[in-house]
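# Topology and contacts: notes
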Number of protein chains: 2
Amino acid sequence: MSENAQAIAVQNLLAGIAQAGQDEMFTPILERRGLRIERIVSHGHATPADQPYQQAEDEWVMVVEGAARLWLDGTEEVELARGDHLMIPAGVRHRVTWTTPSGPTVWLAVHFAP
Amino acid sequence: MSENAQAIAVQNLLAGIAQAGQDEMFTPILERRGLRIERIVSHGHATPADQPYQQAEDEWVMVVEGAARLWLDGTEEVELARGDHLMIPAGVRHRVTWTTPSGPTVWLAVHFAP
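Let me sum up the structure you'll find in this document. (Residues numbered from 1 in each chain as written. Chains lettered and ligands numbered in written order. Predicted model: local features only at pLDDT ≥ 70, side-chain atom pairs only at ≥ 80, totals over all residues. Heavy atoms only, no water.)

### Considering the sheet that holds strand β3 (residues 35–42) of chain A
Remark on secondary structure: sheet strands pair via backbone hydrogen bonds, oriented parallel or antiparallel. An order of β2(A)-β3(A)-β9(A)-β4(A)-β7(A)-β1(B) is seen for the six strands of this open sheet, with the pairing classed as antiparallel. The open sheet has two edge strands with one neighbour each: β2 (25–32) of chain A together with β1 (11–12) of chain B. Of the strand pairs in this sheet, β3 of chain A and strand β9 (residues 105–112) of chain A are connected by eight bridges, and their pairing is antiparallel. Paired with Glu-38 of chain A across the strands is Ala-109 of chain A, a residue of β9 of chain A. (Pairing = 2+ DSSP bridges. Helix = DSSP H or I, 4+ residues; strand = E, 2+ residues; numbered from the N terminus.)

Shown next, in the form of structure tokens:
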């Protein structure tokens, strides 16, 4: 029992999330060589128009709860609802242009070496 | 627009899922060196008691929809609800002992080199 005890450390992605009015919240879930799983909680937050993200790593992202709009350089904005997921290739500038103000938007992000 | 067009290929993890009475469904989402993201849809399925899983790779798993019970070698069973996630270390035998019969249980699994 003891040697595997850490294996049953169950956490919940929807627990302990930021309330409206707080900053956007970034919580590391798992970090390994070449891989990082992260939870992001937004409450009506958007990325400033002049500060798009641009990352050296590929990122796979899913909306687990809530709703959002995402802009990627060279594309139309996309609307994202619960369960929607997509790849954001390394180097592509992108911004969250909207998240629903009516509750938390919970993202699961997997960052990995390209 | 054209060069990043693939970047906005949005899919939904809760779409196109197996109906009750069908086999458990395994859908690859993303595969890269040392990383594999997969969706699993169960409908009351359980792993046969004499055929536990035992994998060479670490696996991080989350219940996105539904409810399940999971057994890992050397531990008590754990109950999993929506949003619950845990690490299943490489080499640890494990089984899904129950998934709710009242609807689909949708898992997100991330397999990665230990």
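Picking up where we left off.
### Description of the sheet that holds strand β8 (residues 94–99) of chain B
All names here are of chain B. If you walk across this open sheet you meet the three strands as β6-β5-β8, and the pairing is antiparallel. On the outer flanks of this sheet lie β6 (78–80) and β8, each paired with one strand and no other. Recorded for the sheet is a direction-independent mean angle of 25° between the axes of neighbouring strands. Two strands pair when backbone bridges link them, and strand β5 (residues 68–72) and β8 are joined in this way by five bridges, in the antiparallel orientation. Note that in β8 the partner of Leu-72 across the bridge is His-94. (Axes fitted to C-alpha atoms, helices over the stretch in contact; angles between N-to-C directions.)

### Some words on the pattern of salt bridges
Enumeration according to the criterion identifies twelve salt bridges over all chains in this entry. Across the pair Arg-69 of chain A and Glu-79 of chain A runs a salt bridge whose closest N-O atoms are separated by 3.7 Å. Of this pair, Arg-69 of chain A sits in strand β5 (residues 68–72) while Glu-79 of chain A sits in strand β6 (residues 78–80); the two residues are ten residues apart in sequence, bridging distant segments of the chain. In this structure Arg-69 of chain A comes out as partly exposed when scored by relative accessible area, which is 27%. Residue Arg-69 of chain B pairs with Glu-77 of chain B through a salt bridge whose shortest N-O separation is 3.9 Å. Residues participating in the shared-partner salt-bridge network are Arg-69, Glu-77 and Glu-79 of chain A. (Salt bridge = Lys/Arg side-chain N within 4 Å of Asp/Glu carboxyl O. Buried < 20%, exposed > 50% of the residue type's maximum accessible area, 1.4 Å probe, protein only.)

### What to know about the interface of chain B and chain A
Taken together, the contacts link 41 residues of chain B with 41 residues of chain A. For the pair chain B and chain A, the summed buried surface comes to about 3600 Å²; carbon and sulfur atoms form 65% of the total. Across the chain B-chain A interface, the total number found is four salt bridges. Scanning the region where chain B abuts chain A turns up twelve residue pairs in polar contact (both at pLDDT 80 or more). Put simply, the parts of the chain that give the side of chain B that touches chain A at least two residues each are β1, β2 (25–32), β3 (35–42), β4 (58–65), β6, β7 (84–88) and β9 (105–112) of chain B. Here the side of chain B that touches chain A is composed, by residue class, of 26 nonpolar, seven polar and eight charged. Relative to β7 of chain B, strand β1 (residues 11–12) of chain A runs antiparallel, the two being bridged by two bridges. In the sheet register, Asn-12 of chain A faces β7 of chain B, and the bridge partner there is Asp-84 of chain B. (Contact = heavy atoms within 4.5 Å. Buried area = accessible area lost by both parts, 1.4 Å probe. Polar contact = N/O pair within 3.5 Å; in protein donor to acceptor, adjacent residues only side chain to side chain. Nonpolar A, V, L, I, M, F, W, Y, C, P; charged D, E, K, R; others polar.)

### Thoughts on the layout of surface pockets
Take a probe with the size of a water molecule and roll it over the atoms, and the empty space left behind shows itself. In this structure, the largest pocket occupies an estimated 330 Å³ of space. In this structure, the largest pocket is lined by 14 residues; those nearest its centre are Arg-33 and Gly-34 of chain A together with Arg-33, Gly-34 and Leu-35 of chain B. For the lining of the largest pocket, the per-class residue count stands at eight nonpolar, two polar and four charged. (1 Å grid on protein atoms, 1.4 Å probe; cavity = no way out; pocket = protein on both sides within 12 Å on 5 of 7 lines; lining within 4 Å. Points joined across faces, edges and corners; volume = space filled by probe spheres on them.)

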